[in-house]
Amino acid sequence: MSDSGDMQNPEFEASRKRLDVQVGALVKSENVIYRIEQIIDFESVVGTAVETGRSRPLRILELQPVGDNGAAGKHDSHSDLAEIGDSDWKVAETRFAAIQPLIVAFFTRSP
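From a predicted model like this one, the values you see are computed outputs, not experimental measurements.

A. Structural detail: the nonpolar core. In this structure, Ala25, Val27, Tyr34, Ile36, Val45, Ala49, Leu58, Ile60 and Leu63 together form the largest nonpolar core, which totals nine residues. Where this core is concerned, the elements lending two or more residues are strand 2 (32-39) and strand 3 (44-49). Once residues lying within four places of it in the same chain are set aside, the contact partners of Leu58 are Ser29, Tyr34, Glu43, Ser44, Val45, Gly47 and Leu63.

Right, dumping it as structure tokens:
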């Protein structure tokens, strides 16, 4: 035991990254990617391994977000609207303008 008062566990690495703990969300545990299938309680979920299809209980404290190493691509579904650049926003507006007549036609048609 050191005299400096350090009680850090070398196996524990603090992270302030947002973890999506919802049914259908992808998470990582022990370098395996799981899809959350069921929330058991405040401490555990049931996850299904994406590669093998095997389900198992997972402790929420041991889960990590997926996509930190670029696996999720440039834009993931959890990005904040304020983080979208002007050029990307213009592309989105152009695409929306192109499909807007189809949306209006779909929702105003008679059953």
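B. Focus on unusual backbone geometry. Non-glycine residue Glu30 carries a positive phi angle of around 55°. Residue class for Glu30 comes out exposed when judged on its relative accessible area of 64%. The phi dihedral of Asn31 falls on the positive side, at around 60°, and the residue is not glycine. With respect to the element layout, Asn31 can be found in the loop between strand 1 (26-29) and strand 2. For Asn31, a relative accessible area of 72% puts it in the exposed group.

C. Molecular detail of the packing of aromatic side chains. The tally for this structure, following the rule as stated, stands at one aromatic pair. Plain terms: the ring middles of Phe106 and Phe107 are 5.1 Å apart, the flat faces sit at 85° to each other, and that makes the pair edge-to-face. What makes Phe106 partly exposed here is its relative accessible area of 46%. For Phe107, a relative accessible area of 65% translates into the label exposed.

D. Representation of the pattern of salt bridges. Throughout the structure, instances matching the rule amount to two salt bridges. The partner of Glu30 in a salt bridge is Arg56, and the shortest N-O contact between them spans 3.8 Å. One end of the pair, Glu30, is in the loop between strand 1 and strand 2; the other, Arg56, is in strand 4 (residues 55-59), with 26 residues separating them in the sequence. Residue Glu62 is joined to Arg59 by a salt bridge in which the shortest nitrogen-to-oxygen separation is 3.5 Å. In this structure Glu62 comes out as partly exposed when scored by relative accessible area, which is 41%.

E. Looking closely at the pairing of strand 4. In this sheet, strand 4 lies alongside strand 3 in antiparallel orientation, the contact comprising five bridges. Bridged to Thr48 within strand 4 is Ser55. If you look at the hairpin formed by strand 3 and strand 4, you'll find five residues sitting between the two strands, and Gly53 has a positive phi there, around 80°.

Thresholds, definitions, all that
Residues numbered from 1 in each chain as written. Predicted model: local features only at pLDDT ≥ 70, side-chain atom pairs only at ≥ 80, totals over all residues. Heavy atoms only, no water. Core = buried A, V, L, I, M, F, W, Y, C linked by side-chain atoms within 4.5 Å. Buried < 20%, exposed > 50% of the residue type's maximum accessible area, 1.4 Å probe, protein only. Helix = DSSP H or I, 4+ residues; strand = E, 2+ residues; numbered from the N terminus. Contact = heavy atoms within 4.5 Å. Phe/Tyr/Trp six-rings, centres within 6.5 Å; stacked < 30°, edge-to-face > 60°. Salt bridge = Lys/Arg side-chain N within 4 Å of Asp/Glu carboxyl O. Pairing = 2+ DSSP bridges.

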